[in-house]
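# Fold and contact review
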Amino acid sequence: MDRPKRMLVANIAWAREAAARDPQVFTGLAQGQNPHVLWIGCSDSRVPAETITHCEPGDLFVHRNIANLFDPDDDNGASVLEYAVRVLKVGHVIVCGHYGCGGVRAALLPLAPELPHVNRRIAPLCTLAHTHRDELGLLPSEASRVNRLAELNVLEQVRQLRASPIVRGMDKPPLVHGWVFSLEDGRLKVIVDGYSDNPAESTSRAQATLPQAVSNDA
Ligand SMILES: [Zn+2]
């Protein structure tokens, strides 16, 4: 059986199991959504937001793209943020990158001429890599440079989100968190703790949190 057919069969089983666990589950979903979290993650197939956090349908409002980038001038991501913050009134925005990210790696390599759309999307990442070229250049391997740039990228996206008029314009702005997922052990690492940083504060404050990044034991 090919993959799409298997997925349709699996869906029947999933729907039955979900209804068996909670007979009201689909009635509730059909009535509307009230997620508390906007998740901005990478499109990478290995980092499915709901799976790695044990979330259920209705828990997360999700935007994923290559290298979990937020560009205030891109209507795709900005519209998701706008709806999540102004209509759904989420209390938290989580930017989640991951180690071994192909989009991040691409920003450290010569641009691939056959991928013009990708190249345009990751241009801010190339700039970020250039800004931090001295620090990255001291690292011993390509893998370590990719992983460090993945962390710096999360930090930068948090900064962009906190600076967004959509976030800053709210009476009670959502907390913006920055996490990185490790493919090695399936664990999330907190790069920016949304609880300890005022959303209105500047990049320098956010950067100051980086050396103290801790494992998320929650
Ligand atoms: Zn990725």
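Just so we're clear, the structure is a prediction, and the values are computed from it rather than from any experiment. (Residues numbered from 1 in each chain as written. Predicted model: local features only at pLDDT ≥ 70, side-chain atom pairs only at ≥ 80, totals over all residues.)

Attention now moves to the overall build of the protein. The number of helices and strands found in the protein is 11 helices and six strands. Looking at the protein residue by residue over its 218 residues, the buried ones come to 31%. Residue pairs at least 24 apart in sequence account for 65% of intrachain contacts in the protein once pairs closer than 6 positions are excluded. (Helix = DSSP H or I, 4+ residues; strand = E, 2+ residues; numbered from the N terminus. Buried ≥ 20, exposed ≤ 12 C-beta atoms within 10 Å, placed from the backbone. Contact = placed C-beta atoms within 7 Å.)

We now examine the nonpolar core. Formed by 47 residues in total, the largest nonpolar core has its most connected members in Leu38, Trp39, Ile94, Val104 and Trp179. Counting residues per element, this core draws most heavily on helix H9 (residues 142-163), which supplies eight residues. (Core = buried A, V, L, I, M, F, W, Y, C linked by C-beta atoms within 7 Å.)

Let's shift gears to the pairing of strand E4 (residues 175-181). Summarising burial for E4: seven of the seven residues are buried, a large majority. Where burial is concerned, the two faces of E4 agree: the one with Leu175, His177, Trp179 and Phe181 and the one with Val176, Gly178 and Val180 are both buried. In this structure, strand E3 (residues 92-98) lies alongside E4, joined through seven bridges in parallel fashion. Looking at E4, one finds that Gly97 is bridged to Val180. Both E4 and strand E5 (residues 188-192) contribute to a ladder of four bridges, which runs antiparallel. Within the sheet, the bridge partner assigned to Trp179 lies in E5 and is Val190. (Pairing = 2+ DSSP bridges.)

We now examine unusual backbone geometry. Of note in this structure, His54 is not a glycine but carries a positive phi near 55 degrees. Among the residues examined, His54 registers 7 C-beta atoms within 10 Å and is labelled exposed. Positive phi, normally seen in glycine, also occurs at Asn68, with a value near 40 degrees. Given 30 C-beta atoms within a 10 Å radius, Asn68 is considered buried.

It is worth spelling out the confidence of the model for the protein at this point. In the predicted model, the protein carries a mean pLDDT of 92, and 90% of its residues have values of at least 70. Taken as a whole, residues 198-218 scores under 50 in pLDDT and shows 29 contacts with residues more than four places along the chain or in a different chain. (pLDDT = per-residue confidence, 0-100.)

Time to look at helix H7 (residues 123-131). Those residues of H7 lying buried are Leu125, Leu128 and Ala129. Along the axis of H7, the buried residues cluster in a sector spanning 100 degrees; they form a single face. Those residues of H7 that are exposed and aimed more than 90 degrees away from the buried face are Thr127, His130 and Thr131. Against helix H5 (102-106), helix H8 (133-137) and H9 lie the buried residues of H7. (Arc of directions from axis to C-beta.)

Next up on the list: the packing of H7 against H9. Across the interface, H7 lies against H9 with an axial gap of 10 Å and an inter-helix angle of 110 degrees. Between H7 and H9, the angle is such that the two are roughly perpendicular. Where H7 crosses over H9, the two elements pack in a sense that is right-handed. For the pair H7 and H9, the contacting residues are Leu125, Leu128 and Ala129 in the first and Leu149, Leu152, Asn153 and Glu156 in the second. The residue inventory of the contact of H7 with H9, partitioned by class, reads five nonpolar, one polar and one charged. (Axes fitted to C-alpha atoms, helices over the stretch in contact; angles between N-to-C directions. Parallel < 35°, antiparallel > 145°, perpendicular 65-115°, else oblique. Left-handed = near helix turned anticlockwise from the far one by under 90°. Nonpolar A, V, L, I, M, F, W, Y, C, P; charged D, E, K, R; others polar.)

Another aspect to go through is the pairing of E3. Where burial is concerned, most of E3 is hidden: six out of the seven residues are buried. Summarising the sheet, strand E1 (residues 37-42) and E3 pair through five bridges and their orientation is parallel. Each bridged residue has a counterpart across the sheet, and for Leu38 the counterpart in E3 is Val93.

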